[in-house]
Amino acid sequence: RRVHGIMESSIASKFKAAQALLLSKYKLDFSVISNLRKDLHKHPEIGYQEVKTKEKLISFLASFGVKVEEIKHFAITGFTYDIVGTAAAKGDKMTIGFRADMDALPMKELNTFAHASIFPNAAHMCGHDGHMATLIGTADILMRLKSKLPSNKTVRLIFQPAEEGGRGGEKMVLEGALEGIDEVYALHSWSIPYGKFGIRKEGAMTTRIVPVSYTHLRAHETLRYLVCRLLLEKKK
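In this report, the structure presented in the accompanying data block is examined. (Residues numbered from 1 in each chain as written. Predicted model: local features only at pLDDT ≥ 70, side-chain atom pairs only at ≥ 80, totals over all residues. Heavy atoms only, no water.)

**Brief notes about helix α4 (residues 128-144)**
Let me state the cut-off plainly: Only runs of H or I of at least four residues qualify as helices and only runs of E of at least two qualify as strands under DSSP, and these elements are numbered from the N terminus. Expected span, for any helix, means 1.5 Å times one less than how many residues it has. Here's how the labels work: a residue is buried when its accessible area is under 20% of the maximum for its type, exposed when over 50%, partly exposed in between, all with a 1.4 Å probe on protein chains only.
Taking 1.5 Å per residue, 17 residues should reach 24 Å; α4 reaches 25 Å between its end C-alpha atoms and fits that length. Counting buried positions along α4 gives 13 out of 17 residues, so the element sits mostly inside the fold.

Written out as structure tokens, the structure is:
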């Protein structure tokens, strides 16, 4: 049921059960992900300067078996990687994307805990450190499950720079980071009680919502071209 925009559900117990399964069956070490989040928080980098951040993320992915040479680079410091299943093909071919933003805000952090930013003019005050750590943990699980994922199904990891006003998402789209994507998912940390999640039909944290309708697309007009066209029309 919906309460003040939050989709309330009794998923806390199911979440804990899923967490226990990941710990026991797949040996996922949540402390590693937590420590990564703290390290990213302590060493923030602002838009298009996420060089060390990118190196850390790729290092983690490589430890999961990701082939570094297959990583594709976009928007200066952004990148993507496709996790393709190896099980027998099933149903229609499909590629979904999971996206996390990477940049910090150009501001001073006032927190005093041990993993507070060591830089005077950069701080992860919008949760992007958590978003990256979440996607890294997701990548770990997906790499372990490749043999159960159909060979015609792909999950694209999308690490986006410069979300905080730098138009990093637009730059990635225009450079082709969403080529072949059918659906994209992302999340944002928020002050929602543990064990609950929030969704909004009208969109969340958007500057505005633009209704779009079309009757057909020419054969070569993939999702990428549609999105790019909308972005260009918005500038006019």
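**Focus on the pairing of strand β5 (residues 94-101)**
Put simply, side chains in a regular strand alternate between the two faces of the sheet. The cut-off we apply is this: At least two DSSP bridges between two strands are needed for those strands to be called paired. Orient the strands so they point away from the viewer; a crossover is then right-handed if the path from the first strand over the helix to the second runs clockwise.
One ladder, built from 8 bridges, connects β5 with strand β6 (residues 153-160); its direction is parallel. If you follow Arg99 over to β6, its bridge partner there is Ile158. Taken together, β5, α4 and β6 constitute a β-α-β crossover, and its handedness is right-handed. Inspection of the sheet shows β5 paired to strand β7 (residues 183-186) by 4 bridges, in the parallel sense. For Gly97, the partnering residue across the bridge sits in β7 and is Val184.

**Structural notes on the nonpolar core**
The following threshold applies: Here the nonpolar core consists of buried residues drawn from Ala, Val, Leu, Ile, Met, Phe, Trp, Tyr and Cys, with membership extended through side-chain atoms lying within 4.5 Å. The contact rule is simple, with two residues in contact once any of their heavy atoms fall within 4.5 Å.
Leu57, Leu61, Phe79, Tyr81, Ile136, Leu157 and Phe159 are the most contacted members of the largest nonpolar core, which has 25 residues in total. Taken together, the elements giving at least two residues each to this core come down to α2 (30-42), α3 (51-63), β4 (78-84), β5, α4 and β6. Ranked by residues supplied to this core, first place goes to α4 with 7 residues. In contact with Ile136, not counting residues within four places along its chain, are Ile33, Leu36, Leu57, Phe60, Leu61, Phe64 and Phe159. Judged by nonpolar contacts, the second largest core, of 8 residues, contains Ala75, Ile158, Val173 and Leu178.

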